[in-house]
Amino acid sequence: MVQVVRFHVAKLFSMSTGQQRENALQTLTQSSLDILIIGGGIVGSGIARDAAMRGLKTALIEQHDFAFGTSSRSSRLLHGGLRYLAQGRIGLVREASIEKTILHRIAPHLAEPLPFIFPTYCGNKDWWLWQLKIGVKIYDLLCGGRNLGKSTWLNPDDVMHKVPSLTSDNLSGAVRYYDGFTNDARLVMDTLRSAAKAGATLLNYCRFRNSKRTDLWDCEVEDVLTGKTFTIRARTIINATGPWADGLPHSRVKLRVTKGIHIVAERSRVAVPETVVMTEGKRILFAIPWGERTILGTTDTDYRGSADHVTADKSDIDYVLQITNQFFPKVKLTGADVISSWAGLRPLLADPNGKPSDISRSHEIKNPEPGWWDVAGGKLTTFRLMAEQTVDRIVEALNRSDALPCRTTDELLLPASETQNISGILPPEFCRRVVEHYCANEWAVHLDDVMVRRTSWHHYHRDAALKAEHVADWMAELLGWTNEQRAAELLRYRNVAGCQLAGKSSPSASSPAAK
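**Student:** Go over the overall build of the protein chain with me, naming the residues and quoting the values.
**Tutor:** When you go through the protein chain residue by residue, the secondary structure sums to 14 helices and 18 strands. The C-alpha atoms of the protein chain give a radius of gyration of 23 Å, which matches the 24 Å a tight globule of 515 residues would have. In terms of overall dimensions, the protein chain has C-alpha extents of about 70 × 60 × 40 Å along its principal axes. Of all 515 residues assigned to the protein chain, the portion counted as buried reaches 60%.

Below, the structure written as structure tokens:
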């Protein structure tokens, strides 16, 4: 009897998932679109939501899973960027500072206030306490006086009371200020769910091959899951592919791609009550409390490899461990403390001069030929603004006077009833119920889609490999996998996990990440 029930459940979900893709393909090929977005990261997702909410016929395709690239591999911070303020980029800081407060309003489950403690030390000429005191007050003002919390400063005794494991040698004090904490991949998924509710058609594992322009753009795309190719016709194409942006036909994007890695350790090992800023010269790293874990990072190094296979190298992990041990000398972290790691790419606008961390995080929206738009640069925090500016320009170019005004500043991303126990900054409860949701409602196709991007179980749990076995069993029933498909999914997941943990090691004294 149990086998019969399981068969019916599998049939229901496999038909549902397959039917979702079939319906999406029919929509994409039966009639022309106003906008075809290439890229299912946070920028593309934001544009899809904004365009669909304005009444434009919108579709988005992604060659991998949604949030596969940069948008699931960030520091998970919504921030104006205190470092950018030190660099004099006041306009960028103001934009991002306002945007983080907007995200806190429209997606409170994914934009929590996060206090930062920035300690300063005598003899550090890159970060003076008196300058930071002025800086954090300016930081508050750039939010229109409505930051997520009020900045203050601390004397050395106050700092050590809050963070007793921090090194006290030459400590001169600290500033305390607020930014936001998010779950980057969940922000993508919920933005896409909102876009779908507004009428956007969304398809992951669908690769853009090429396009040519007649009266409209004729786009050749491939369903990665079946290998079948088909044609989509659109008035407008938006290249929002992040670190892949300069490789698309017709693209005029020029990027300087840099890599950043993060590691996750037990919070009991790096016991920070609030985020602690760690510095090396002008560079900034963070120790971020994440439930029972602490996120440590990031690096910032030039990258010239494949955007499809980005890994945290041994030298990257050693560097983060080294800096952490300098600021928390009693902890003595080693590679054995690393639960998980991730490595992502920053698609920065090309500037061959200066260190990677000096390159601007500003964005650009360009229209190099009729109907083709390149959207590049920017940062997680400003994705909504980038989308609004992009759709504004496209509405004008299409002469769509019937388009509705932008509503993304005020309209909730999703109601609380649609996110509770499913989407948040911390991973959801490990159970079959949420896996059923992700398979039925969030386009999950592969095991790593669930383990890595929709739940963060892979990054959070030391026994993630064991949990993956259970999730594979559930997904096999829900999606109708054969025993061979289940085994292939576990192998695929182990390859992902192996890449992300290949660099576990003991700390060393030097690293190219420090250059």
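There's plenty left to go through after this.
**Student:** Give me the lowdown on a nonpolar patch on the surface, citing residues and values where you can.
**Tutor:** Side chains of Trp128, Trp130, Ile134 and Ile138 sit close together on the surface and give an oily, nonpolar patch of about 410 Å² of accessible area. Relative to the helices and strands, Trp130 resides in helix α5 (residues 129–142).

**Student:** Please give an account of the environment of Arg269 that cites residues and values.
**Tutor:** Tracing the sequence through the fold places Arg269 in the loop between β11 (255–266) and β12 (275–280). What makes Arg269 partly exposed here is its relative accessible area of 28%. Spatially, the C-alpha atom of Arg269 lies 50 Å from that of Lys228, the residues being 41 residues apart in sequence. The residues touching Arg269, leaving out its near neighbours within four places in the chain, are Val331, Lys332, Leu333 and Asp337. Reaching out from Arg269, the side chain makes a polar contact with the backbone oxygen of Lys332 at a distance of 3.5 Å. Within the structure, the side chain of Arg269 is placed 2.9 Å from the side chain of Asp337, a separation counted as a polar contact.

**Student:** Help me get a handle on the state of the cysteines, residues and values and all.
**Tutor:** Scanning the model with the defined rule gives zero disulfides in all. Cysteine Cys143 remains unbridged, with the sulfur of Cys406 as its closest cysteine sulfur at 20 Å. Classification of Cys143 by relative accessible area gives buried; the value is 2%.

**Student:** Now, about the nonpolar core: what can you tell me, with residues and values included?
**Tutor:** Counting 43 residues, the largest nonpolar core has Ile37, Ile47, Phe66 and Ile238 as the members making the most contacts within it. Contributions of two or more residues to this core are made by β1 (33–38), α2 (42–53), α4 (90–106), α7 (184–197), β18 (372–377) and α9 (383–397). When near neighbours in sequence (up to four residues on either side) are disregarded, Ile238 contacts Ile35, Leu36, Ile37, Ile38, Ile47, Trp373, Val375, Thr390 and Ile394. Counting residues in hydrophobic clusters, the runner-up holds 41 residues, among them Leu154, Val257, Ala312 and Val338.

**Student:** Tell me about the pairing of strand β4 (residues 112–121), and name the residues and values.
**Tutor:** Consecutive side chains of a regular strand alternate in pointing toward one face of the sheet and then the other. In terms of burial, β4 is a largely internal element, eight of the ten residues being buried. Where β4 meets β12, two bridges bridge the pair, whose relative direction is parallel. Of the residues in β12, the one forming a bridge with Phe116 is Thr275.

**Student:** Got a sec to walk through the packing of aromatic side chains? Specific residues and values, please.
**Tutor:** One pass over the full model with this rule turns up twelve aromatic pairs. Ring geometry for Tyr121 versus Phe327: centroids 6.0 Å apart, planes at 80°, classification edge-to-face. Of the two residues, Tyr121 is situated in strand β4 and Phe327 in helix α8 (residues 314–327); the sequence distance between them amounts to 206 residues. Using a relative accessible area of 12% as the deciding quantity, one classes Tyr121 as buried. Relative to Trp457, the ring of Phe430 lies with its centre 4.7 Å away and its plane at 65°, an arrangement referred to as edge-to-face. One end of the pair, Phe430, is in the loop between α9 and α10 (432–441); the other, Trp457, is in helix α12 (residues 457–460), with 27 residues separating them in the sequence. For Phe430, a relative accessible area of 24% translates into the label partly exposed. One aromatic cluster is present, formed by Phe116, Tyr139, Tyr177 and Phe286 through successive ring pairs. The lysine or arginine in question, Arg73, covers the ring of Phe68, its NZ or CZ lying 5.0 Å from the ring centre. In this structure, Arg76 packs its charged tip against the face of Trp290, placed 4.8 Å from the ring centre.

What counts and how
- Residues numbered from 1 in each chain as written.
- Predicted model: local features only at pLDDT ≥ 70, side-chain atom pairs only at ≥ 80, totals over all residues.
- Heavy atoms only, no water.
- Helix = DSSP H or I, 4+ residues; strand = E, 2+ residues; numbered from the N terminus.
- Rg over C-alpha atoms; globule rule 2.2 N^0.38 Å.
- Buried < 20%, exposed > 50% of the residue type's maximum accessible area, 1.4 Å probe, protein only.
- Patch = residues over 30% accessible without salt bridge, like charges linked within 9 Å, V, L, I, M, F, W, Y side chains within 5 Å.
- Areas by Shrake-Rupley, 256 points an atom, 1.4 Å probe, with all protein chains shown as cover.
- Salt bridge = Lys/Arg side-chain N within 4 Å of Asp/Glu carboxyl O.
- Contact = heavy atoms within 4.5 Å.
- Polar contact = N/O pair within 3.5 Å; in protein donor to acceptor, adjacent residues only side chain to side chain.
- Disulfide = S-S within 2.5 Å.
- Core = buried A, V, L, I, M, F, W, Y, C linked by side-chain atoms within 4.5 Å.
- Pairing = 2+ DSSP bridges.
- Phe/Tyr/Trp six-rings, centres within 6.5 Å; stacked < 30°, edge-to-face > 60°.
- Lys NZ or Arg CZ within 6 Å of the ring centre and 35° of its normal.

The quantities given are spatial measurements derived from coordinates; they are silent on function.
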